Amino acid sequence: MFGFCTNLKKINLGKINTSSVEDMQYLFCYCESLESIDLSYSNTSKVTHMGWMFFHCYKIKSIFIPETFNTSNVVSMYSMFSHCHVLISLNLSSFDVTKVTEMPYMFNNCSSLKYLDISHFSPINITDINTMFQNLSSLIFLNIYSFEINDETILNNAVNLLK
C-alpha cells in the first residue's frame, strides 16, 4: 500500500479501515524517509503475514505499537523490522507469536536499536529464526524472559547470534 514511497515522512492511519486485511507484507517497505508511525488504530485481527512490513525504513525513529495490536493469526514476521537503522527502542511484549513459523532477519541491521522487549514471545511453532538478531551493534537491553523454543538447533542458531 505505502511500500516504496521513498519520500513519505509522516502518515496518519487514523481513518483507514484495516479490519478485512489479511496481508500486511511490504506495507511500509522502503519508506526510507518515514520518521515515525502510530499503529493505534490498526485492526490486525485477520492479518496472517507481516513480513517486510518496515523493511528498509532507514529513518524511522519510533514505531508505536499498542497492546491491542493483534498478531494472533500471524504466521510470518520475516524481516519485519530489518534495516530500521535509527530505531532505538521497540516494545513487542504484547505480540502473540504462537502461530508464527518464520522470523528470520526480523531485527537484522537495526544498528541503533538499544532496547528490545520480546518478553512474552512464545514462538512454539517457529521453524526459522536465523539471523533474527544479527548486527544489533547498539543493543544494551534484550528482554526474552518467556522466549520458548522447543527445537534445540533453532535455539542454538539464535544464541550464536548473540555472542
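Look above for the structure.
Conventions and cut-offs
Residues numbered from 1 in each chain as written. Predicted model: local features only at pLDDT ≥ 70, side-chain atom pairs only at ≥ 80, totals over all residues. Heavy atoms only, no water. Helix = DSSP H or I, 4+ residues; strand = E, 2+ residues; numbered from the N terminus. Contact = heavy atoms within 4.5 Å. Pairing = 2+ DSSP bridges. Axes fitted to C-alpha atoms, helices over the stretch in contact; angles between N-to-C directions. Phe/Tyr/Trp six-rings, centres within 6.5 Å; stacked < 30°, edge-to-face > 60°. Buried < 20%, exposed > 50% of the residue type's maximum accessible area, 1.4 Å probe, protein only.

How should I be thinking about the environment of Glu102 in this particular structure?
Counting through the fold element by element, Glu102 comes out in the loop between β3 (89-91) and β4 (115-117). Sequence-wise, Glu102 and Ser79 are 23 residues apart; in three dimensions their C-alpha atoms are separated by 9.4 Å. The residues touching Glu102, leaving out its near neighbours within four places in the chain, are Val75, Ser76, Met77, Tyr78, Ile126 and Asp128.

How should the sheet that holds strand β5 (residues 141-143) be read in this particular structure?
Sheet strands line up and pair through hydrogen bonds in the backbone, either parallel or antiparallel. Sheet architecture is open: three strands sit in the order β3-β4-β5, paired in parallel fashion. Edge positions in the sheet fall to β3 and β5, since each of these pairs with one other strand and no more. With direction set aside, neighbouring strand axes in the sheet form an average angle of 5°. Where β3 and β4 come together, three bridges link them in parallel fashion. Across the sheet, residue Asn91 finds its bridge partner in β4, namely Asp117.

Teacher, can you tell me more about the packing of aromatic side chains here?
Each aromatic ring pair is summarised here by two numbers: the centre-to-centre distance and the angle between the ring planes. Scanning the entire structure with this criterion turns up 13 aromatic pairs. Summarising the aromatic geometry, the rings of Phe2 and Phe28 are spaced 5.6 Å apart at their centres and angled 0° between planes, so their arrangement reads as stacked. Remark: Phe28 occurs in the segment before β1 (36-38) and Phe2 occurs in the segment before β1; sequence separation between them is 26 residues. The class for Phe2 is buried, based on a relative accessible area of 16%. For Phe28, a relative accessible area of 0% translates into the label buried. Judged by centre distance (5.5 Å) and plane angle (5°), the ring pair of Phe54 and Phe81 falls under stacked. Highlighted residues: Phe54 in the loop between β1 and β2 (62-64) and Phe81 in the loop between β2 and β3, separated in sequence by 27 residues. By relative accessible area, which is 1% here, Phe54 ends up buried.

Would you take a moment to explain unusual backbone geometry for this structure?
Within the chain, Tyr26 stands out as a residue other than glycine whose phi angle is a positive 65°. For Tyr26, the location among the structural elements is in the segment before β1.

I tried to follow the environment of Ile140 on my own but got confused; where do I start?
By the secondary structure assignment, Ile140 is in the loop between β4 and β5. Ile140 sits in the exposed class, given a relative accessible area of 62%. Setting aside residues up to four positions removed in sequence, Ile140 forms contacts with Lys114 and Tyr115.

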